[in-house]
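Below are the chains, spelled out letter by letter.
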Amino acid sequence: MFDYESLFALAAIIREGSFERAARTLNVTPSAVSQRIRLLEERVGTPLVVRGQPCHATEMGRRLCQHVDRVRLLERELHDALPTLATDGGARVEMPIAVNADSLATWFAPVAATFAAESPVLLNVALDDQDHTAEWLRSGVVIAAVTGSSRPPAGCNSRALGAMRYLAVASPAYVARYFSAGVGAGTLARAPSLVFNTKDELQARWAYRLCHQHVELPRHTFPSPHAFVTAALAGMGWGLHPQSLITPYLAAGDLVELVPDSHSDVPLFWQHARASSSLLEGLSRVVIDAAKVALVQTG
């Protein structure tokens, strides 16, 4: 049998990124956390944590973190069924999930808020590009993710959610300044673009589809969907924005499309660990139902 205090220490280290922060969340000393990890690594016979800034799990460490998440969910189920066994007063269980920032800024946040208000959970939401959130699930850091990958990691299920529609837009003054001669490879190579972070390839893919060639885009980095919109309104650059986020600005004429009818649809999927948990199943249901309304359904 595993020593679950040690497993919980392992999970805390990977989530918090350091032994010191993990110790604070567990209300123990860093030396106690180190001792638990040392004993656990001796027990399984392999390293579980790669020490660094931040710390991260080895392959076996990731598998054990996934096991811990599932155990917590199953224990919550058991406490609900047999409340006399509960010794923690019905404490909320942590549910780590990964979501792309544009989904969180548009349709996902209300879903998460409603679910958390009605369920005994604490949602721990990690942000990343939709092309990379699946790695959080694969690594064992989260138990579910909104991702752009259709293929789930081993031990996980995948459901298509629909597609998020993006429009390439800028302010009218910006368009007049940089694209008076039209939108093409030459003008795009001179006009500053906006990107969310270094992983954001939406603008580059849109330009390639339009010009049929790679265009080296000058770019500003704004790692916030709402700041992204603010920068576009201010005439700082052009970029691809979720249609649902900028509809009022398009209607008012504060933003205009660079090329009409040139939207990009990004398919999204809900992937989650295969765990027999009504909490995880309940979250999956509300996410899938909300996506049917908020996203473009192509099937």
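What you see is a predicted model, and the numbers here were worked out from it, not measured in a lab.

*Asks:* Please clarify how the packing of helix H1 (residues 4–16) against helix H3 (residues 30–44) should be interpreted in this entry.
*Replies:* Each packed pair of helices is defined by two parameters, the angle between the axes and the distance between the axes. Where H1 meets H3, the closest approach of the two axes is 9 Å, and the angle between their N-to-C directions is 110°. Classified by the angle between their axes, H1 and H3 sit roughly perpendicular to one another. You can see that H1 and H3 cross each other, and the crossing is left-handed. Mapping the contact onto sequence places Glu5, Ser6, Leu7, Ala9, Leu10 and Ile13 in H1 and Val33, Arg36, Ile37 and Leu40 in H3. Considered class by class, the residues forming the contact of H1 with H3 number seven nonpolar, one polar and two charged.

*Asks:* Hey, could you run me through the packing of helix H10 (residues 225–233) against helix H11 (residues 243–252) in this one?
*Replies:* As a packed pair, H10 and H11 sit with axes 11 Å apart at the nearest point and diverge in direction by 25°. Between H10 and H11, the interaxial angle falls into the category roughly parallel. H11 is crossed by H10, and the crossing has right-handed handedness. Facing H10, whose interface residues are Pro225, His226, Val229 and Leu233, H11 presents Leu245, Ile246 and Tyr249. Classifying every residue of the contact of H10 with H11 by side-chain character gives six nonpolar, one polar and no charged.

*Asks:* Just checking my understanding: could you explain unusual backbone geometry for this structure?
*Replies:* For residues besides glycine, phi is generally negative; the peptide bonds are generally trans as well. Between Gln53 and the following residue, Pro54, the backbone shows a cis peptide bond with an omega angle of 5°. Here Pro54 is to be found in the loop between strand S1 (49–50) and strand S2 (56–57). One non-glycine residue, Asn27, adopts positive backbone phi at about 60°. Within the element layout of this structure, Asn27 appears in the loop between helix H2 (19–26) and H3. With phi around 60°, Asp261 is a residue other than glycine that occupies positive phi space.

*Asks:* How do you make sense of the packing of aromatic side chains when you look at a structure like this?
*Replies:* Centre-to-centre distance and the angle between the planes together describe a pair of aromatic rings. Counted by the stated rule, this structure contains six aromatic pairs. Residues Tyr4 and Phe8 carry aromatic rings whose centres are separated by 6.2 Å and whose planes lie at 50° to one another, so their mutual orientation is tilted. In this pair, Tyr4 and Phe8 are both assigned in helix H1, four residues apart and thus about one turn of the helix distant. When its relative accessible area of 22% is taken as the criterion, Phe8 is described as partly exposed. By the ring-pair criterion, three or more aromatic residues cluster together here, those being Trp107, Phe108 and Trp270.

*Asks:* Can you walk me through H1 in this structure?
*Replies:* In an α-helix, one turn spans 3.6 residues; hence positions three or four apart end up facing the same way. A rise of 1.5 Å per residue sets the reference length of H1, with its 13 residues, at 18 Å; its end C-alpha atoms lie 18 Å apart and thus fit the reference within 8%. What H1 keeps buried is the set Ser6, Leu7, Ala9, Leu10, Ala11, Ala12, Ile13, Ile14 and Arg15. A distance of 3.1 Å separates the backbone nitrogen of Glu5 from a side-chain oxygen at the start of H1, and that oxygen is part of Asp3. Downstream of H1 by a residue or two, Gly17 has a phi angle that is positive, lying close to 90°.

*Asks:* Honestly, the nonpolar core in this entry has me stumped. Any pointers?
*Replies:* A general trend in soluble globular proteins is that nonpolar side chains are found buried together. Within the largest apolar cluster, 43 residues are counted, with the highest numbers of intra-cluster contacts made by Met95, Trp107, Phe108, Leu161, Leu188 and Trp238. Looking at this core, the element that brings in the most residues is helix H12 (residues 278–294), giving six residues. If we ignore the near neighbours within four places in the chain, the residues touching Leu188 are Phe179, Val183, Trp206, Ala207, Leu210, Cys211, Val215, Leu217, Pro218 and Trp238.

*Asks:* Before we go on, may I ask you to explain the pattern of salt bridges in this structure?
*Replies:* Here the idea is simple: oppositely charged side chains can pair when their charged atoms come close. The full count for this structure, using the stated rule, is 10 salt bridges. Arg36 is paired through a salt bridge with Glu5; the nearest N and O atoms lie 3.7 Å apart. Placement of Arg36 in helix H3 and of Glu5 in helix H1 is noted, with a sequence separation of 31 residues between them. The shortest N-O distance in the salt bridge between Asp131 and Arg205 comes to 3.6 Å. You can see Asp131 sitting in the loop between strand S4 (121–127) and helix H6 (133–138) and its partner Arg205 sitting in helix H9 (residues 202–211), a full 74 residues away along the chain. For Asp131, a relative accessible area of 39% corresponds to the partly exposed category.

About the thresholds
Residues numbered from 1 in each chain as written. Predicted model: local features only at pLDDT ≥ 70, side-chain atom pairs only at ≥ 80, totals over all residues. Heavy atoms only, no water. Axes fitted to C-alpha atoms, helices over the stretch in contact; angles between N-to-C directions. Helix = DSSP H or I, 4+ residues; strand = E, 2+ residues; numbered from the N terminus. Parallel < 35°, antiparallel > 145°, perpendicular 65-115°, else oblique. Left-handed = near helix turned anticlockwise from the far one by under 90°. Contact = heavy atoms within 4.5 Å. Nonpolar A, V, L, I, M, F, W, Y, C, P; charged D, E, K, R; others polar. Phe/Tyr/Trp six-rings, centres within 6.5 Å; stacked < 30°, edge-to-face > 60°. Buried < 20%, exposed > 50% of the residue type's maximum accessible area, 1.4 Å probe, protein only. Expected span 1.5 Å × (residues − 1). Polar contact = N/O pair within 3.5 Å; in protein donor to acceptor, adjacent residues only side chain to side chain. Core = buried A, V, L, I, M, F, W, Y, C linked by side-chain atoms within 4.5 Å. Salt bridge = Lys/Arg side-chain N within 4 Å of Asp/Glu carboxyl O.

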